Amino acid sequence: MQKRLLFSPPQPELLPGSPIPPVLASQAMRQAYDLARAVAPYPTTVLISGETGTGKEVLASYIHYISPRARHPFIRINCGAIPENLLESELFGYEQGAFTGGRREGAMGVFEAAHPGTLLLDEISELPLKAQVKLLRALQEKEIRRVGGTWSKVIDVRVIASTNQDLAELVERGLFRRDLFYRLDVVHIHLPPLRQRPEDIAPLLEHFCNQLNEAYGLQKRFSPAAVELLQKAHWPGNVRQLRNLVERMLITCPKQLIEADDLPAEFRGNAGAGAQDTSCPTTLQEIVHRAEKEAILQALQKYSDKRLAARALGIDPSTLSRKMRRLGI
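Worth saying up front: this structure is predicted, and the values here are computed from it rather than measured.

*Asks:* How should I be thinking about the pairing of strand β3 (residues 118-122) in this particular structure?
*Replies:* Side-chain positions along a regular strand alternate between the two faces of the sheet. Most of β3 is tucked away, with five of its five residues classed as buried. Of the two faces of β3, both are covered, the one formed by T118, L120 and D122 as well as the one formed by L119 and L121. By the bridge criterion, four bridges tie β3 to strand β6 (residues 158-163) in an arrangement that is parallel. Following the sheet pairing, L119 is matched in β6 by V159.

*Asks:* I keep staring at the packing of helix α1 (residues 27-39) against helix α2 (residues 56-65) and nothing clicks. Help me out?
*Replies:* When two helices pack together, you describe them by how their axes are tilted relative to each other and by the distance separating the axes. It is the contact of α1 with α2, at a shortest axis distance of 9 Å, that shows an interaxial angle of 35°. Every pair of crossing elements has a handedness; the one defined by α1 and α2 is right-handed. Between α1, through Y33, A36 and R37, and α2, the contact on the second element is made entirely by V58, L59, Y62 and I63.

*Asks:* Mind showing me how you'd approach the sheet that holds β6 here?
*Replies:* Note on sheets: strands pair through backbone hydrogen bonds, and any given pair is parallel or antiparallel. Taken together, the five strands give an open sheet; going across it, the order is β2-β3-β6-β1-β7, and neighbouring strands pair in parallel fashion. Strand pairing shows two members of the sheet lacking a second neighbour, β2 (74-78) and β7 (187-191), which therefore form its edges. Averaged over neighbouring strand pairs, the angle between their axes works out to 20° when direction is ignored. Docked against the sheet, α1 engages β1 (46-50), β6 and β7, running at close to 150° with respect to β7.

*Asks:* Help me out: how do you make sense of the packing of aromatic side chains in this one?
*Replies:* In this description, a pair of aromatic rings is defined by centroid distance and the angle of the planes. In total, this model carries five aromatic pairs according to the counting rule given. A centroid spacing of 5.0 Å and a plane angle of 40° characterise the contact between W235 and F267, whose relative ring orientation is tilted. Placement of W235 in the loop between α9 (224-230) and α10 (238-252) and of F267 in the loop between β9 (257-258) and α11 (284-303) is noted, with a sequence separation of 32 residues between them. Of the two residues examined, W235 and F267, each falls in the buried class.

*Asks:* Can you walk me through the side chain of S162 in this structure?
*Replies:* Tracing the chain through its elements places S162 in strand β6. Within the local environment of S162, its side chain forms a polar contact with the side chain of D122, the two groups lying 2.6 Å apart. Excluding its chain neighbours within four sequence positions, the residues that come into contact with S162 are I48, K56, L120, L121, D122, E123 and I124.

*Asks:* Explain the pattern of salt bridges to me, please; I cannot follow it from the model alone.
*Replies:* Any two side chains of opposite charge can pair, given that their charged atoms come close. Following the criterion strictly, the structure yields 20 salt bridges and no others. Across the pair D34 and R37 runs a salt bridge, and its minimum N-O distance is 2.4 Å. You can see D34 and its partner R37 sitting in helix α1, three residues apart, about one turn around the helix. Accessibility expressed as a relative area gives 41% for D34, which makes it partly exposed. The exposure class of R37 is partly exposed, given its relative accessible area of 35%. The network of salt bridges with shared partners includes E95, E112, R146 and K153.

*Asks:* Could you clarify how one ought to interpret the packing of helix α12 (residues 306-313) against helix α13 (residues 317-327) in this entry?
*Replies:* Running from amino to carboxyl end, α12 crosses α13 at an angle of 95°, the nearest separation of the two axes being 8 Å. When the axes of α12 and α13 are compared, the pair comes out roughly perpendicular. Between α12 and α13, the residues in contact are K306, R307, A309, A310 and L313 and P317, L320, S321 and M324, respectively. The class makeup of the residues in the contact of α12 with α13 is six nonpolar, one polar and two charged.

*Asks:* Can you help me understand unusual backbone geometry in this one?
*Replies:* In terms of backbone geometry, most residues other than glycine have negative phi values and most peptide bonds are trans. At the junction of H115 and P116, the peptide bond is cis and its omega measures out at -5° in the coordinates. With respect to the helices and strands, the residue P116 is situated in the loop between α4 (110-114) and β3. Its identity is not glycine, yet E123 carries a phi of approximately 50°, on the positive side. Residue position: E123 is located in the loop between β3 and α5 (129-141).

Criteria and cut-off values
Residues numbered from 1 in each chain as written. Predicted model: local features only at pLDDT ≥ 70, side-chain atom pairs only at ≥ 80, totals over all residues. Heavy atoms only, no water. Buried < 20%, exposed > 50% of the residue type's maximum accessible area, 1.4 Å probe, protein only. Helix = DSSP H or I, 4+ residues; strand = E, 2+ residues; numbered from the N terminus. Pairing = 2+ DSSP bridges. Axes fitted to C-alpha atoms, helices over the stretch in contact; angles between N-to-C directions. Left-handed = near helix turned anticlockwise from the far one by under 90°. Contact = heavy atoms within 4.5 Å. Phe/Tyr/Trp six-rings, centres within 6.5 Å; stacked < 30°, edge-to-face > 60°. Polar contact = N/O pair within 3.5 Å; in protein donor to acceptor, adjacent residues only side chain to side chain. Salt bridge = Lys/Arg side-chain N within 4 Å of Asp/Glu carboxyl O. Parallel < 35°, antiparallel > 145°, perpendicular 65-115°, else oblique. Nonpolar A, V, L, I, M, F, W, Y, C, P; charged D, E, K, R; others polar.

Structure (structure tokens):
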């Protein structure tokens, strides 16, 4: 006798205007999107990890738009951009008179607003421990309670969390709840940094050139030598940095064919951005300059976030930004 499935996922339908993966040249990215397509029809919680700028939000929106929830809201909230005292009300909403300065009639939170669609919790590692407890309850019980409320509301929301940190390491350090980590880490998709998949750079350049040429009424492109040079770059900002570079060059370069010599100074030379300079420094200033640049690049590579990198280096984020500009990073 044939067994009847308790849950039969419908075939995904990609709505007009939905995001599609722009470049899947590397095996690592193809595997990531294959896993995304496999999990999209189910209500399973997904954890997406990767450095800043690798395309975590793009992947999350792709999962939503090929899922049965595609016609419902897709809402993103940055857990690191909201003050801790307001985070609970942003997540779960608040009732009338819950606190001074709120709307007289109260307000819904992002969980209610996303019902019955998808909620992306970006930078989940920045969520305070107190809020982690309430999030765990919402995920387990499938219901939320507004701040100042006395009743609970059942919700149907597919949760996707993203992070540029190692959550398992944060758990061991006591900075992230172990039970919440295992509740989020049902399906884990990791997006590798751009420097580990140089085969994606040429098609990404072509994709962004076509996109921006059409938007700005241009017909510019990169020469093979320029592309080869960019394939050797370090790309601490990953795909976001690459797109910004393309836009910068299309706007500022007067030539139709962008040559290697037209690229910013940090990308010229055999090593590209972030590479090691093999020449021997001859002055104390050169030695300090090189050591400072290497320390900053290592911090950016490890933490993938300027704020965290600055904290590790013991300086302010504004100071780090000034040093990066001065050092050509």
